[in-house]
Amino acid sequence: VNGGKALKPSCRVFLAEPKGADDTQRSFSEGRILSHTADKPNTIADGLLTTLGDLAFPILQRTVEKVICVDDHQIAKAMRLAMERMKVVLEPS
């Protein structure tokens, strides 16, 4: 995140996360770190099942303009598009 801003400060940074693990979007709205609402978040993006940390959150607050939530169908559709067009396999997170 900071790399783009360091090279070009006018760069706009958006963050996407799955609706099934939306702690970052809710934390941005509240201005403080919130944990997942469910006991166990449910999403194919299993790399995002952790909660925000005390070190990362202030950095994200300074550099990220907006957090966008997407559903698992949108994630799968993007992965398929990358595979078909770019011949690369993406990890859903």
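On a predicted model such as this, the values are computed, not experimentally measured, just so you know.

I'd love a proper account of the side chain of Thr 63, names of residues and values included.
With respect to the helices, strands and loops of the structure, Thr 63 is situated in helix 3 (residues 56-63). Judged by relative accessible area, which is 8%, Thr 63 ranks as buried. Separated by 2.8 Å, the side chain of Thr 63 and the backbone oxygen of Ile 59 make a polar contact.

I'd love a proper account of the environment of Ile 68, names of residues and values included.
Following the sequence through the fold, Ile 68 ends up in strand 2 (residues 66-70). When residues no more than four places from it in sequence are discounted, the contact partners of Ile 68 are Phe 14, Leu 15, Ala 16 and Glu 17.

I'd love a proper account of unusual backbone geometry, names of residues and values included.
In the Ramachandran plot, Lys 87 falls in the positive-phi region, its phi being about 60° despite a non-glycine side chain. Within the fold, Lys 87 resides in the segment after helix 4 (72-86). Accessibility expressed as a relative area gives 65% for Lys 87, which makes it exposed.

Can you lay out the packing of aromatic side chains for me, pointing to particular residues and giving the numbers?
One pass over the full model with this rule turns up 1 aromatic pair. Geometrically, the ring pair formed by Phe 28 and Phe 57 is edge-to-face, given 5.9 Å between the ring centres and 85° between the ring planes. One end of the pair, Phe 28, is in helix 2 (residues 23-30); the other, Phe 57, is in helix 3, and 29 residues separate them in sequence. Under the relative-accessibility criterion, Phe 57 is labelled buried at 5%.

I'd like to hear about the confidence of the model for the chain, residue by residue, with values.
When pLDDT is averaged along the chain, the result is 90; 94% of the residues meet or exceed 70. Of all helices and strands in the chain, the one with the weakest mean pLDDT is helix 1 (residues 2-7) (71), whereas helix 4 scores best (97).

The rules behind these values
- Residues numbered from 1 in each chain as written.
- Predicted model: local features only at pLDDT ≥ 70, side-chain atom pairs only at ≥ 80, totals over all residues.
- Heavy atoms only, no water.
- Helix = DSSP H or I, 4+ residues; strand = E, 2+ residues; numbered from the N terminus.
- Buried < 20%, exposed > 50% of the residue type's maximum accessible area, 1.4 Å probe, protein only.
- Polar contact = N/O pair within 3.5 Å; in protein donor to acceptor, adjacent residues only side chain to side chain.
- Contact = heavy atoms within 4.5 Å.
- Phe/Tyr/Trp six-rings, centres within 6.5 Å; stacked < 30°, edge-to-face > 60°.
- pLDDT = per-residue confidence, 0-100.

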